[in-house]
Amino acid sequence: AGVAGYANKAGLLPATQLIFAISDGFYDGIMVFIDKEKLPSFFGWYIPIGEDLAKVGSAGDPNFAIEFMQKNLEALKIQGHPIKSVSSSLVLGGLIKNESRRIVRVGDAGGQTKPTTGGGIVSGGMGGMLAGAESAKGTFADYDKSFSIVFGSELKLQQALSNVYKRLSTEEIMKIVSEIHKNSYRLRGDEFDFHSHLFKKLAINPSILKIAARYLPNILSDML
């Protein structure tokens, strides 16, 4: 069922991804675009996928996404035009509790995505594996508990961090990004899916701690 099967419609964020044919200034690296005025709760992205091709996108309808990305790419002297557009919704509203013991929702339909980015290959894949294991019992009565043990607290923290992001100023976000770059040598790679690992490593940083302390009550409130 995917996104269409997700029950919490208020937790969906419309988004558009475009395949851009780059005619000049192709950049072979990933970029994230932050604009708290136009995209207060999310970000834009640029991901190269081949010679002179890139996936670019942002939250919002197709017209907004095209205008937003073209403006940002032109500022970086990257020229191009969209050749394909896909619009859908990102699932950012959190886990959905399964009420049935015979049917279980996994992946996007179950809210098993990262509330920070909408991605969910690892968590959704794990959800599918656990569903397979639970199905051998002939009932999904223990499914929610099994998934929660693996990803429950992680996704709950990410939901809290996503809510904090909406409150952060651009200056605060840039400070956090700067500190992540400075401490990239300490990262193992699993922080991409387990943001709690990144949060714990950055929380001891004096600069980040000063920002985190400001929003700690909000994080704790969302975690309870």
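Nothing here was measured: the structure is a model prediction, and the numbers come from that model.

1. Description of the overall build of the protein chain
Stage number 1. When helices and strands are counted, the protein chain shows 6 helices and 5 strands.
Stage number 2. Written out in order from the N terminus, the α and β elements of the protein chain read β-β-β-β-α-β-α-α-α-α-α.
Stage number 3. In terms of overall dimensions, the protein chain is globule-like: its C-alpha atoms have a radius of gyration of 19 Å, near the 17 Å expected for 224 residues.
Stage number 4. Projected onto its principal axes, the C-alpha positions of the protein chain cover 55 × 45 × 30 Å.
Stage number 5. Long-range pairs, those at least 24 residues apart, make up 69% of the contacts in the protein chain with a sequence separation of at least 6.
Stage number 6. For the protein chain, the accessible area works out to roughly 12500 Å², and carbon and sulfur atoms hold 59% of it.
Stage number 7. The distance from the centre of the 25 positive side-chain charges to the centre of the 22 negative ones in the protein chain is 8 Å.

2. A closer look at the side chain of threonine 116
Stage number 1. Secondary-structure assignment places threonine 116 in the loop between β5 (79-91) and α2 (121-135).
Stage number 2. Those residues within four positions of threonine 116 in sequence are excluded, and the remaining contacts are Phe42, Phe43, Gln158, Leu161, Ser162 and His195.

3. Details of the packing of aromatic side chains
Stage number 1. Tallying each qualifying case throughout the model produces 7 aromatic pairs.
Stage number 2. For the ring pair tyrosine 27 and tyrosine 46, a centre distance of 6.3 Å and an interplane angle of 40° mean the geometry is tilted. Here tyrosine 46 lies in strand β3 (residues 44-50) and tyrosine 27 lies in the loop between β1 (12-24) and β2 (31-33), a separation of 19 residues in the sequence.
Stage number 3. We classify tyrosine 27 as partly exposed; its relative accessible area is 40%.
Stage number 4. What makes tyrosine 46 buried here is its relative accessible area of 0%.
Stage number 5. On the basis of an interplanar angle of 70° and a centroid distance of 6.3 Å, the ring pair of phenylalanine 43 and tryptophan 45 is categorised as edge-to-face.
Stage number 6. What makes phenylalanine 43 buried here is its relative accessible area of 18%.
Stage number 7. Ring-pair connections join several aromatic residues into one group, and the members of that group are Tyr143, Phe147, Phe151 and Phe194.
Stage number 8. Lying across the ring of tyrosine 165, lysine 36 places its NZ or CZ 4.4 Å from the centre.

4. A look at the environment of proline 48
Stage number 1. Counting through the fold element by element, proline 48 comes out in strand β3.
Stage number 2. Separated by 143 residues in the primary sequence, proline 48 and glutamate 191 have C-alpha atoms spaced 22 Å apart.

5. Examining unusual backbone geometry
Stage number 1. Unusually for a residue other than glycine, aspartate 52 sits at a positive phi of about 65°.
Stage number 2. Among the secondary structure elements, aspartate 52 is positioned in the loop between β3 and β4 (53-59).
Stage number 3. Phi angles above zero are rare outside glycine, and lysine 77 is one such case at about 60°.
Stage number 4. Its location among the elements puts lysine 77 in the loop between α1 (62-75) and β5.

Definitions and limits used
- Residues numbered from 1 in each chain as written.
- Predicted model: local features only at pLDDT ≥ 70, side-chain atom pairs only at ≥ 80, totals over all residues.
- Heavy atoms only, no water.
- Helix = DSSP H or I, 4+ residues; strand = E, 2+ residues; numbered from the N terminus.
- Rg over C-alpha atoms; globule rule 2.2 N^0.38 Å.
- Contact = heavy atoms within 4.5 Å.
- Areas by Shrake-Rupley, 256 points an atom, 1.4 Å probe, with all protein chains shown as cover.
- Lys, Arg positive; Asp, Glu negative; His and termini not counted.
- Charge placed at Lys NZ, Arg CZ, Asp CG, Glu CD.
- Phe/Tyr/Trp six-rings, centres within 6.5 Å; stacked < 30°, edge-to-face > 60°.
- Buried < 20%, exposed > 50% of the residue type's maximum accessible area, 1.4 Å probe, protein only.
- Lys NZ or Arg CZ within 6 Å of the ring centre and 35° of its normal.

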